[in-house]
Each structure stands twice: as C-alpha cells, then as structure tokens.
Amino acid sequence: MSIINDRLFGIHDDALILQERNLKLRAENIANADTPGYKARVMSFDQAMETALQTKSSSQAGSAGRLTTEDPRQMGGGASSSIREGFSVPDAPALDGNTVDLDKERVGFTEDAMGYQTTLSFLNSRVSGIKKALGGGQ
Amino acid sequence: MSLYDVFNISSSAMAAQSTRLNTTASNLANANVDASSPEEAYKARNPVFQTVLEANGGRGVKVAGITESQAQAAPKHDPGNPLADENGYVYSSNVNPVEEMVNMLSASRTYQTNVQVMDTTKQLAMRTLQLGQGQ
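These figures come from a predicted structure and were not determined experimentally.

A. Here's a closer look at the nonpolar core. Counting 19 residues, the largest nonpolar core has Ala27, Ile30 and Ala31 of chain A together with Ala13 of chain B as the members making the most contacts within it. Elements represented by at least two residues in this core include exactly helix 2 (12-31) and helix 4 (102-134) of chain A together with helix 1 (2-29) and helix 2 (97-129) of chain B. Ranked by residues supplied to this core, first place goes to helix 1 of chain B with five residues. Those residues in contact with Ala13 of chain B, other than ones at most four positions away along the chain, are Ala31 of chain A together with Gly60, Val61 and Asn114 of chain B.

What follows is the structure, encoded as structure tokens:
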C-alpha cells in the first residue's frame, strides 16, 4: 500500500506535510508577536524537502525504518519531524528581546498559504487523473 | 494535524490580546480618578505575556500575570476636592493616556492578524477536506 501511495502522489504528500508545518511555525510567530524574549523561528523548506525525499527513498528500499513518537513534542524520524528549525535574524530587535517582525510574518504566512494551495491543487489533479484512468477515460 | 494546532495557537494569542485590551480600557477609564493618598491612587495595569508549550507541541501565548506600574502618582493642589488630604492635595492615577492609546492600537492590530491567520487556515482546512471531490 505504501508503494502505491508513494507513486500516486509523488512528492506532493510530503510537501503538504511540510507546508502545514511551515504554516504552524508562522502562526506561532504571529501569536507571540508581543511576547517579551520570544525569538522568531524559521524553517528551511528546501532542506526539509530534501531530507523528506531521502527518507522516502531509503524507506522504499526497505533499509531504514521510521521512528515512531508517542507525544507530539518528541522528535521523530518521519518526513514531518526531520525539519530543522532555526531562529530568524531580526532587522531591528525590540528592547524586550522579541525578534518577531509582524509585517514579515504576515507576508510569509500569505506566501506559505499560497504554497499550500498549490500543493493541494497538484494533489487534486493527481486524484482526478487517476479517476479518469480508472473510468477508462469516460 | 498541524492545521488544527494553528487554531489553538491563534486563539491563545487572541485571548491574550483581548486581556491586554481589557487592561487598556480599565486604565483609560481610570485615568482621571483622584485619590486622597498616593497608595490609594489608581496604578496603570499591564499584562505580561509568556510563551507556553501546548500539549500538541504548539507554542501559544498566555498571560503570566498583570503588573501594576510603579510610577509616582502626581499630587495636585485642589483644596475644594472632597478627597483632598489635610494639605489640600489629591493624587491622580499614574496612567499615561498616550502609552495606553499605543497599547490599544498594537493589541487590536495583533488581534486582527491572528483572526486573519485563523480565517486563512480554516479555508485551507476546508479545501483539504474537499480533496479529490472535484473533476
């Protein structure tokens, strides 16, 4: 079943998980825009995608098992948990130690939401393509 | 699913920001209240925000506490005031209305941003639920 899944959606199911994680990170930054001492976090999407694809290809080969986690706060070994988060470098840090740039985060959130929708439409066209194929083109 | 976590994170921020709006409102309402001693005078209140790690791994925000401003209450010479002490002084609150207005604008802007985040996330979640239903 996993081989079917992997071939059906290609990289897009992993991409969706990463986009989702990205959106969550943006929401956290926006929520903590006024928290003293909070450091804004960013993730490198390219790097995360690369790691996810490597994990995928190695698990297809059957050489590496994925780590399971029991708590969302634990770090695991799956596609969604191989994301490296870092701290963003602020243009002008606030006196209270907060490094969230609200305008930047807003733009970033819109951008990430568009990315998520793009991935969704790729997935949608995959599904309709398969549907068409199953129905013999009717 | 992380998309649902966004709702928790944004709602925690909305709750914190509305607490901030609440304290601003009470500060502004009491800006002109006089008292007969500096201890009784109204002190400006400010919430202190803190990041909280939620059970689902999200980093929300909570109000850790409310602090009272330690600024000196300005004495006013007003012997006709029924609250005046034996020297004819009344003590007004230490609220700075300009500071409070800035606080109000900042709080309402951040609140709005969080509402927008929630709204966008809801749309994305709805579209995800409808995945594969189209042609």
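B. Representation of the confidence of the model for chain B. Residue and element names in this part refer to chain B. Of all residues in chain B, 99% have pLDDT values of 70 or greater, and the mean over the chain is 90. For chain B, strand 4 (residues 75-77) is the element with the lowest average pLDDT, namely 88, and helix 2 is the one with the highest, namely 94. Reported confidences for the modelled complex are a pTM of 0.81 and an ipTM of 0.84.

C. How the structure looks around the environment of Thr67 of chain B. Residue and element names in this part refer to chain B. Structurally, Thr67 can be placed in strand 3 (residues 59-68). Taking the C-beta count within 10 Å as the criterion, Thr67 has 13 such neighbours and is therefore assigned partly exposed. Expressed as a C-alpha distance, the spacing of Thr67 and Pro47, which sit 20 residues apart in the sequence, is 6.2 Å. The residues contacting Thr67, other than those within four sequence positions of it, are Asn46 and Val48.

D. Spatial organisation of the pairing of strand 2 (residues 45-53) of chain B. All names here are of chain B. The pairing of strand 2 with strand 3 spans nine bridges and is classified as antiparallel. Pairing of Asn46 across the sheet is with Thr67, part of strand 3. Connecting the antiparallel pair strand 2 and strand 3 is a turn made up of five residues, with Gly57 showing a positive phi of about 90°.

E. View of the environment of Leu53 of chain B. With respect to the helices and strands, the residue Leu53 of chain B is situated in strand 2. Separated by 50 residues in sequence, Leu53 of chain B and Leu3 of chain B place their C-alpha atoms 17 Å apart.

F. Geometry of the sheet that holds strand 5 (residues 89-92) of chain B. All names here are of chain B. The strand order 1-5-4 describes an open sheet built from three strands, whose pairing is antiparallel. Of all strands in the sheet, those with a lone pairing partner are strand 1 (34-35) and strand 4, marking the two edges. Relative to strand 5, strand 4 runs antiparallel, the two being bridged by three bridges. Following the sheet pairing, Pro75 is matched in strand 5 by Tyr91.

G. Just helix 2 of chain A, in detail. Here helix 2 of chain A is 20 residues long and its end C-alpha atoms lie 28 Å apart, about the 28 Å a rise of 1.5 Å per residue gives. The buried fraction of helix 2 of chain A is high, at 18 of 20 residues.

H. Molecular detail of the packing of helix 4 of chain A against helix 2 of chain B. Axis separation between helix 4 of chain A and helix 2 of chain B bottoms out at 11 Å; the angle between their running directions is 5°. Considered as vectors, helix 4 of chain A and helix 2 of chain B are oriented roughly parallel to each other. Residues Leu102, Arg106, Phe109, Ala113, Tyr116, Gln117 and Leu120 of chain A of helix 4 of chain A pack against Thr113, Val117, Thr120, Leu124, Arg127 and Thr128 of chain B of helix 2 of chain B. In terms of residue class, the contact of helix 4 of chain A with helix 2 of chain B is made up of seven nonpolar, four polar and two charged.

What counts as what
- Along each chain, residue indices are assigned from 1 in the same order as the chain's sequence is written.
- For this description, chains carry letters from A and ligands carry numbers from 1, given in the order in which they are written.
- Local features in a predicted model are, by the rule used here, given only for residues with pLDDT of at least 70; side-chain atom pairs are given and counted only at 80 or more, and totals for whole chains, interfaces and linings are based on all residues.
- Put simply, a nonpolar core is buried Ala, Val, Leu, Ile, Met, Phe, Trp, Tyr and Cys residues tied into one set by C-beta atoms within 7 Å.
- Three exposure classes are used. Buried residues have 20 or more other C-beta atoms within 10 Å of their own C-beta, exposed residues have 12 or fewer, and partly exposed residues fall in between, all C-beta atoms being placed from the backbone.
- Only runs of H or I of at least four residues qualify as helices and only runs of E of at least two qualify as strands under DSSP, and these elements are numbered from the N terminus.
- C-beta atoms are placed from the backbone for every residue, and two residues are taken to be in contact when these atoms lie within 7 Å.
- Confidence of the prediction at every residue is given by pLDDT, a number between 0 and 100.
- When DSSP finds two or more bridges between two strands, those strands count as paired.
- In this analysis, the expected span of each helix is defined as 1.5 Å times one less than the number of residues it contains.
- Only the contacting stretch of a helix is used when fitting its axis, a line to C-alpha atoms as for every element, and angles between N-to-C directions run 0 to 180 degrees.
- An angle below 35 degrees is treated as roughly parallel, one above 145 as roughly antiparallel, one from 65 to 115 as roughly perpendicular, and anything else as oblique.
- Residues are grouped as follows: Ala, Val, Leu, Ile, Met, Phe, Trp, Tyr, Cys and Pro are nonpolar; Asp, Glu, Lys and Arg are charged; all remaining types, including Gly, are polar.

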